[in-house]
Each structure stands twice: as C-alpha cells, then as structure tokens.
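So you can see what is in the structure, the chains are spelled out below.
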Amino acid sequence: MASTADHHKALGNKAFSAGQFDEAIEQFSLAIAADPTNHVLFSNRSAAYASLKRFDDARADAEQTVALNPKWVKGYSRLGAAHHGAGNLDAARESYRRGLELDPDNALLRKGLEDVNNALEAATNDPFAEHLNEGIWAKIAANPKLAPFLADQAYVAKIRAMIANPKSAMSNLQDQKVMTTLFTLLGLGVAHSEEEAAELAATAEAKPAAADARSRSRSPSPTRERAAPCSASPARPARPASPMAVDPHEEEIDVEEQERAKRREAMLAAKELGNAAYKKRDFATALAHYNEAWTLSDETEASILTNMAAVYFEQAQYDECIEQCEKAVEVGRSNRADFKLIARALARIGNAQVKKGDLEAAIKAYNKSLMEHRTADTLTRLRDTEKALETQRKQAYHDPALSDAARDRGNDLFKQQLYADAVKEYTEGIARNEADPRAYSNRAACYHKLGAIPEAIKDCDAAIARDDKFVKAYIRKAAIQHFTREHSKALETCELASKADVEGKHAGEIQAQMQKIYASMYGAGNGGEGDAQQSREERAKAAMRDPEIQAILSDPVMNQILQQMQEDPGAAREHMRNPAIADKIRKLVAAGILGTR
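Residues numbered from 1 in each chain as written. Predicted model: local features only at pLDDT ≥ 70, side-chain atom pairs only at ≥ 80, totals over all residues. Heavy atoms only, no water.

A. Just the overall build of the protein chain, in detail. The number of helices and strands found in the protein chain is 31 helices and zero strands. Each of the 597 residues in the protein chain was classed as buried or not, and the buried ones make up 42%. A sequence separation of at least 24 residues applies to 54% of the contacts in the protein chain between residues at least 6 apart. (Helix = DSSP H or I, 4+ residues; strand = E, 2+ residues; numbered from the N terminus. Buried < 20%, exposed > 50% of the residue type's maximum accessible area, 1.4 Å probe, protein only. Contact = heavy atoms within 4.5 Å.)

B. Quick peek at the packing of helix α18 (residues 359–372) against helix α19 (residues 376–397). Interaxial distance between α18 and α19 falls to 9 Å at its minimum, and their mutual angle equals 160 degrees. If you check the angle between α18 and α19, you find them roughly antiparallel. Two packed elements cross with a definite hand, and for α18 against α19 that hand is left-handed. Contacts from L359, E360, A362, I363, Y366, N367, S369 and L370 of α18 reach α19 at T378, L379, R381, L382, T385, E386, A388, L389, Q392 and R393. Per-class residue counts for the contact of α18 with α19 are nine nonpolar, five polar and four charged. (Axes fitted to C-alpha atoms, helices over the stretch in contact; angles between N-to-C directions. Parallel < 35°, antiparallel > 145°, perpendicular 65-115°, else oblique. Left-handed = near helix turned anticlockwise from the far one by under 90°. Nonpolar A, V, L, I, M, F, W, Y, C, P; charged D, E, K, R; others polar.)

C. Looking closely at helix α3 (residues 39–51). Compared with the 18 Å implied by 1.5 Å per residue over 13 residues, the 19 Å span of α3 between its first and last C-alpha is a close match. Within α3, eleven of the 13 residues are buried, which leaves the element mostly enclosed by the surrounding structure. Here α3 has its buried residues at H39, V40, L41, F42, S43, N44, R45, S46, A47, A48 and Y49. You can read the cap of α3 off the contacts: a side-chain oxygen lies 3.0 Å from the backbone nitrogen of V40, and it is on N38. (Expected span 1.5 Å × (residues − 1). Polar contact = N/O pair within 3.5 Å; in protein donor to acceptor, adjacent residues only side chain to side chain.)

D. Representation of the environment of D175 in the model. Inspection of the secondary structure puts D175 in the loop between α9 (153–164) and α10 (176–185). On the basis of relative accessible area, D175 is assigned to the partly exposed category, the value being 22%. Residues D175 and K158 lie 17 residues apart in sequence; the distance between their C-alpha atoms is 9.5 Å. Side-chain polar atoms of D175 contact the side chain of K158, separated by 2.7 Å. Separated by 2.9 Å, the side chain of D175 and the backbone nitrogen of K177 make a polar contact.

E. Highlighting unusual backbone geometry. The phi torsion at D298 lies on the positive side, around 60 degrees, for a residue other than glycine. When you line up the elements, D298 lands in the loop between α14 (283–296) and α15 (302–314). The phi torsion at R485 lies on the positive side, around 65 degrees, for a residue other than glycine. Inspection of the secondary structure puts R485 in the loop between α24 (471–483) and α25 (487–500). Overall, R485 belongs to the exposed group, its relative accessible area being 59%.

F. Region of the structure containing the pattern of salt bridges. Counted under the stated rule, the structure contains 28 salt bridges. For R45, the salt bridge is made with D61, and the minimal N-O distance between the two is 2.6 Å. With R45 in helix α3 and D61 in helix α4 (residues 55–68), the pair connects residues that are 16 residues apart, well separated along the chain. Overall, R45 belongs to the buried group, its relative accessible area being 14%. A salt bridge links R438 to D436; its shortest N-O distance comes to 2.8 Å. In this structure R438 comes out as partly exposed when scored by relative accessible area, which is 36%. (Salt bridge = Lys/Arg side-chain N within 4 Å of Asp/Glu carboxyl O.)

G. Inspection of the packing of aromatic side chains at higher detail. What the rule picks out here adds up to five aromatic pairs. Each ring, one from F313 and one from Y318, has its centre 5.6 Å from the other, and the planes form 70 degrees; the classification is edge-to-face. Positioned over the ring face of Y397 is R432, at 3.6 Å from the centre of the ring. (Phe/Tyr/Trp six-rings, centres within 6.5 Å; stacked < 30°, edge-to-face > 60°. Lys NZ or Arg CZ within 6 Å of the ring centre and 35° of its normal.)

H. Representation of the environment of G429. Within the secondary structure layout, G429 lies in helix α21 (residues 419–432). The buried category is assigned to G429, whose relative accessible area is 0%. Distance in space between the C-alpha atoms of G429 and D399 is 9.0 Å, their sequence separation being 30 residues. What G429 contacts, discounting residues up to four positions off in sequence, is S403 and A406.

I. The arrangement of the packing of α25 against helix α26 (residues 507–521) in detail. At a closest axis distance of 10 Å, the pairing of α25 and α26 adopts a crossing angle of 165 degrees. As the angle between them shows, α25 and α26 are arranged roughly antiparallel. Crossing of α25 over α26 shows left-handed handedness. Contact residues: H487, A490, L491, C494, A497 and S498 in α25; I510, Q513, M514, I517, Y518, S520 and M521 in α26. Tallied by class, the residues present in the contact of α25 with α26 amount to nine nonpolar, four polar and no charged.

J. Spotlight on α26. Taking 1.5 Å per residue, 15 residues should reach 21 Å; α26 reaches 21 Å between its end C-alpha atoms and fits that length. Of the residues making up α26, those classed as buried are I510, Q511, Q513, M514, I517, Y518 and S520.

K. Here's a closer look at the state of the cysteines. All told, the structure shown has zero disulfides when counted by the stated rule. No disulfide involves C325; its sulfur sits 4.3 Å from the nearest other cysteine sulfur, which is in C321. (Disulfide = S-S within 2.5 Å.)

L. Molecular detail of the confidence of the model for the protein chain. Of all residues in the protein chain, 81% attain a pLDDT of 70 or more, and the chain-wide mean is 81. For the stretch residues 204–251, pLDDT sits under 50, and the model shows 48 contacts to residues farther than four places along the chain or on other chains. Under a pLDDT of 50 for its full length, residues 524–533 has, in the predicted model, 13 contacts with residues more than four places off or in other chains. (pLDDT = per-residue confidence, 0-100.)

The structure is reproduced here in structure tokens:
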C-alpha cells in the first residue's frame, strides 16, 4: 500500500506544481486512502485546499496533520495559514505560537505570526479590517441581503481591492452596496441617509476600543507577542534536529520544488554544453551532454531530443535522427510542448527522409509540420521535394524505345481516324520520352481533328521548344492558325518555318500553306473563305488591297529585282539567298502577284 500512496503522492505533487489544484487534491486523497496515517499527505492536501481558498477543508487537514504528528512544525504552519485565510486571526496566532514553541527559529512560522499580528493591529485601528479577508466571500454568500451583490462585477472588484488594502474601506463607503455589506458584517443597521451613515460610522469607530480591551484582557500585549519568537539569544547553541527530520515521508512540496528547480538548472546547463559542442562540430561530446540533459529532465524535455536528432543528421545517421524526432513529437505532445517545437521535429524528419531518398515520406513529414506551424522554409522544402519526386518518377518511367512503340501505335490509330485513342498513345509516348518533339506534333494533329484547338497549339509550341528546327511543327501550327482565321499569325509561323527549313526540304509545303492563307485573306467577299478554284488574276487583284503587298510593290529596290527576275530567271536564284528579299518574293507568290513555272 505504501508504494500506491507514494505513487499518488508523486502525481499530486506534480499536479500541485503545475497549478492543477483539483487534480492534486484528488491524488492526495487517493494517497491518504492507501496510507491514512501519513501526516505529510494531509499537509499537502491542506496546501492544495488553501490554494483554492477552501480554508475550512484546509484547516481540517491541518488539524489532522498536527494530530498525527504533534512535533512536526510544518503542520502548525499549515494550520495557521488556514485560520488566517478564513479570517480567524486569534486562532491563526495561536497555531503559529505552538509551532514556534517547537522551533523558535523557524522563519516560516515567524513570518506567519508577524502577518497575523499586523492584521490584528490593523483590525484594532480599523473596524472593518478584521472582516476584509478571503472569508468575507462565504459571509456575503450566506447572507440573503448581500448575496445578490455578487452578480455585480464592479462590486466584486471593490471588495477584492479592499481585501488587498483594508485601509481603503473607509473611502469606499460612498458605494451603497459596499456600505451595506460592511455595516451588515459589523452587526449594524443600514444607513438610508447621510445622518444615519454618520451615526453608524461613529458607532463603528467606538468598537475598536472595546475590541482592544478584550484583546488585552485575554492575551499579552502585541509588543510582547511579536518579541516572543525572537527572544532567544543569538549565542544560544543550535537546537538538535527533531526526530521527525529523518522521517522518509517528509518530502514536502516546497522541498520537491527546490529539487526540481536544481535538476532543471543542471539540465539547462548540460543542454548548453551540448549546444556549444555541436557548434564546434564535436558531435560525440554534444551527444554526451544531451544524454545527460535528457536524464536530468526526467525524459520530458522534447527540445533535447530534437537537438540530438540534429547531431545524428550531421553524422548522416538518418534513421537515428528520424527515431529521435518521432520520440520528440510523442514526448512533446504528452507534455503539451509548443507546437513550433513539434513542427521543427517533423520538418527534421522530412529533411532526413530526403537524404535517404524517400521523397514520398519526406513530403508527408513536411505536410504534417506545416499543419503544426507554417513556415516559409518548410513550405519551400515541400515544394522542392514535390518537384524532385516528379522528376524522379519521370526519370524512372523514361524509355525511348517504348516511346517510339507508343508513337507508332498512335500513328496507326490516326490513320484509322481513331483520334481519341491515338491521343492516349501519343501521351504515353511523351511520358516515356519528353524530349522527343514528334509525339507532341502528332498529338497536336489529333487535337486539331478533335476540335481541341488550344491543346493543339500548346503541343505545337511544346514540339518547337524541344527542337526549334522541327519544321513540321511550324507547318502544323500555321495550319491550325489558318483554320481559326488568325491569318497574320499563320503567316508569321510560316516565315519561322522557312527560317527553320535550312535545307529547303519543306519549301513546297510551306509555300502551299502560305497560298492557302492568302487565298483566304483575299478571296471574294473581302475576307471570306474564298473559292478554291478562283483564278490567280482575281486573287492578285484582291491582294493589291493589302497594305503590305502595296509596300513591297512600291519599293524601288524590289521593282528593280522583279524586273531583273523577269529578264533573267536565273537572277531569282541569287536574290533568294537574301532572307529579306526571299520573304517578300514568297509573299508575292502566295498572293498570286508572281507566278511559278
């Protein structure tokens, strides 16, 4: 049963230190049930009750503490504090005196007695002071006339201020509720006018003399009372330790707090030594200090684990790094650590997974980290890892031979006019080899047939981006632009195709496409689609209305060149070597101004 009591006592001490007084009371009660003769348990529970202002319960436990061990001075300190909190100043003074008889040099008891004597002296000079303590709340709540005042927050605030400073009571008598409360507690009537208030105040002022007389008749003077604990001569030898000093149960809360503070100070010192060694890249020393700090923290400080993980990361021990970070997350959540610390541990897991090459696990860790706390650094790492994973997958899927096979299947389906199925095969070919422009160009032809014009243009651009000399992609794009009646853009694309066709293998195809474009531009109806069988003369006549054609024909240099070509057809070959002249000649041919043999 002793081990059970010790277990609940430790939990109670931990809860008390954390300010969780209700939980502390529950644990101390369980410990008392297991060991009802342990006076320390009653003392600890008395402290928890007093922290909740439950002074009657605190007094009962303090009395039980003294009953179980009358020679233990801490019990009298608990009893005096409980009486003082409840406003029973005479009883509090007597409790502190009894403790000082056992240990006259006890600083805690002397301070408690001094506080009580000060409160009694204040009560002697101020008729209201003896009521202005934490016990006033119970008195107000028990009085049907005063209880409704507790709903007024301004009233509650004034009462609290008067408890903190009893001398302010007289200045608050202008408040009707405060005056009613104080006079009621004094056993006086309630003033309804200034004259009545003056009379009641005079009566109240007359009470201190009587109270003082009663105090002198039943106890020594305050001067003697305050001097009693200090009457011992400084030269007197120290008293021998009480037999109870070696009681193994006497692990009081304040002692444990001091021990905990010392351990924490030592933990922080070891952690700082680890940090210093880490900065010097002395990782073995850093780990030794971090392990020491971890032990001193009672294995509850998650930040130490993240520091250890950082060491393992620098040592390229990524599995150990991940293990420490996962443990840090678990410990941190159990001890309600800062969410930023949890996020840091998760992000470090992501970094370690990247080093291991497990990009999918890294992405999961980064996403979890961002859910805890969003930082620009973690978000950037996530984006970079996602891109790296996409590249990794593409590289793993890359196979030029399978790409060619998929493109061939797409060609067969295109010939069968199964354009949607052909798109799937061309897409597979692209996935297998993104650098090959042919699959993009072929898929653009399918999109054109399916009426997906934006996708077709996009694939033509993709093919050109991968090979700017791939003439078929230019011609296909020009045909699509012609289809959408973007004639100027189509002609520009044809010009780009001509520049890309260095060897002139596709010159006839380019020329034919340009003629189709000009036919559409200068066909009957001023810009209509035109008649495919329209004569060259009619087309040339329509083209003469084009400002660009007019500018070419009005250029003296071009007129001279055209005359030379007419007199000597062989001169055309020389002039076609000039890209600018060749471009203008092709436009005149496409418009029907010049004929070809």
